[in-house]
Amino acid sequence: MSRKLILGTVSALGLASAAAAEVPSVAADIPPVHSLVSIVMDGVGTPDLLVQPGASPHGYSLRPSEAEALERADAVFWIGEGLEPWLEGSIDALAEDAHVVELTETDGTTELEFREGATFEAHSHDHGAHAHEEHEHDEHDEHAGDHDHDEQDHEGHDDDHDHEEAHAHDEHDHDAHGHDHHGHDPHAWLDPENARVWLDVIAAELSELDPENAATYRANADAGKADIKTLIGEISAQLEPVRGKNFIVFHDAYHYFENRFEFPASGSISIGDASDPSPARIEEIQDKVAELGVTCAFTEPQFNGDLVATVFRGSDAKTGVMDPLGADLEPGKDLYPQLLRNLAGSLTGCLG
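Residues numbered from 1 in each chain as written. Predicted model: local features only at pLDDT ≥ 70, side-chain atom pairs only at ≥ 80, totals over all residues. Heavy atoms only, no water.

Notes on the overall build of the chain
The condition that has to hold: Helix and strand definitions follow DSSP, with helices as H or I runs of at least four residues and strands as E runs of at least two, each counted in order from the N terminus. Working definition: with a 1.4 Å probe on protein chains only, accessible area under 20% of the residue-type maximum means buried, over 50% means exposed, and in between means partly exposed. Residues count as neighbours in contact if any of their non-hydrogen atoms are within 4.5 Å of one another. We get accessible surface area from the Shrake-Rupley algorithm with a probe of 1.4 Å; when it comes to residues, only the shown protein chains can shield them.
Scanning the chain from terminus to terminus reveals 10 helices and 10 strands. Scored against the burial criterion, the 352 residues of the chain give a buried share of 52%. Taking as baseline every contact in the chain between residues at least 6 positions apart, the subset at least 24 positions apart corresponds to 68%. When the accessible area of the chain is evaluated, it comes to approximately 15,800 Å², of which 47% is carbon and sulfur surface.

Below, the structure is given as structure tokens:
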């Protein structure tokens, strides 16, 4: 091989390596967020996942490889302190120079307030619905991602909403990790319209870091949004035959899904992801099961299914499994739509 050819080959490899090095290193907190980032980065790069499938995001210790991924990240996408209070300190310590995007604080995100009590029928599923600024999800701009993301601190954002009703349930205020169950419910990824907004946010942030691949990020986000819009219609049609049937969930993680598809649960067994219900709460749920003729209760892969059996002891109701995180799904761009399909399939399978 001639010296000229060798030098040309080395030069080409060097340029290729330089181009590859320009792709941002990206970290995402939970599998659904990782999936949305993977959709946007498809064909360009692969984000790192911080909280592994099957683990609860409410309390988690980063493994060394995950801490390293956070430390080298140019961008970090996470749900927020309401879901992962432990992660904020890790981000501050390990990713202080990264672009950090708290998705629930971004413009256009719908937020819902926590529901209080073991049963939900007294709470409007639009109560507490909150869209930052003036964005409407049913008609949101297909290019809403062209926001100025330097303003994502949202200093005026107020999480201290007044409650019209004062509840005296001591056990309803905090779960075992001390999470305040007043204020905004952090499970916002289960509203697929939020996911569509976040695809724009992710694409805009990555385009700022990596302008050379901006067109790919934008095209991937637009395609992802179109796919999720189609999926919303498919799920609405799938749920239609079982609308009006009553069910109980393990914990109140599905408010966003219920609200989007107008398919409300009758109540939840546990206060939060990490707390067992008191005997009084179990009795309240059992009374509601009998009163409404609840036909199905859902457990989750991460938590104690025996509690569902306790609540439904002596009844003819069926049990099913609902998973808000995709514990059994392969991380990647296909996880998020499959997660929503699985939720709809769980509902129709148990209630049908």
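What about the side chain of S207?
Here S207 shows up in helix 5 (residues 192-209). Judged by its relative accessible area of 18%, S207 is buried. Those residues in contact with S207, other than ones at most four positions away along the chain, are A214 and Y217.

A short note on the packing of helix 2 (residues 31-41) against helix 10 (residues 335-351)
Which entries qualify depends on this criterion: Fitted lines through C-alpha atoms serve as axes, helices being fitted only where they are in contact, and the angles separating the N-to-C directions of these axes extend from 0 to 180 degrees. Oblique is the label for any angle not covered by the other classes, which are roughly parallel (under 35 degrees), roughly antiparallel (over 145) and roughly perpendicular (65 to 115). The residue classification treats Ala, Val, Leu, Ile, Met, Phe, Trp, Tyr, Cys and Pro as nonpolar and Asp, Glu, Lys and Arg as charged. All others, Gly included, are polar.
Running from N to C, helix 2 and helix 10 cross one another at 130°; their axes reach a closest spacing of 7 Å. The orientation of helix 2 with respect to helix 10, classified from their angle, is oblique. Contacts between helix 2 and helix 10 involve P31, P32, S35 and L36 on the former and, on the latter, L335, Y336, P337 and L339. Residue composition of the contact of helix 2 with helix 10, by class: 7 nonpolar, 1 polar and no charged.

Focus: unusual backbone geometry
Positive phi values are uncommon outside glycine, yet E262 reaches one of about 50°. Residue position: E262 is located in the loop between helix 7 (255-261) and strand 8 (267-270). You can call E262 exposed: its relative accessible area is 65%.

Topic: the nonpolar core
Side chains of a nonpolar character, in soluble globular proteins, are inclined to be buried together. Rules: Only buried residues count toward a nonpolar core, which is a set of Ala, Val, Leu, Ile, Met, Phe, Trp, Tyr and Cys residues joined through side-chain atoms within 4.5 Å.
By size, the foremost hydrophobic cluster in this structure holds 76 residues, and its most contacted members are L36, F77, W189, L190, F247, F257 and L347. Tallying contributions element by element places helix 10 first for this core, with 9 residues. One finds F250, A297, V308 and A317 within the second-largest nonpolar core, a separate group that totals 13 residues.

Focus: the pattern of salt bridges
It is possible for side chains of opposite charge to pair when their charged atoms get near one another. Put simply, the test is: A pairing counts as a salt bridge when a side-chain nitrogen of Lys or Arg comes within 4 Å of a carboxyl oxygen of Asp or Glu.
What the rule picks out here adds up to 11 salt bridges. Note that E258 is salt-bridged to R115, the shortest N-O span being 3.0 Å. Taken together, the residues E258 in helix 7 and R115 in the loop between strand 5 (110-111) and strand 6 (130-131) connect sequence positions 143 residues apart. Of the two residues, E258 and R115, neither departs from the other in class, the shared state being buried. Ionic pairing is found between R218 and D222, a salt bridge with its closest N-O pair at 3.0 Å. With a gap of 4 residues between them, R218 and D222 both fall in helix 6 (residues 214-239), about one helical turn apart. Residue R218 is classed as buried on the basis of its relative accessible area, which comes to 17%. Salt bridges sharing common partners tie together D200, R218, D222 and K225.

Remarks on the environment of E22
With respect to the helices and strands, the residue E22 is situated in the loop between helix 1 (3-21) and strand 1 (26-28). In this structure the C-alpha to C-alpha distance between E22 and D210, which are 188 residues apart in sequence, comes to 6.9 Å. Ignoring anything within four residues of it in the chain, the contact list for E22 reads D210 and E212.

On their own, these measurements won't tell you what the molecule is for.
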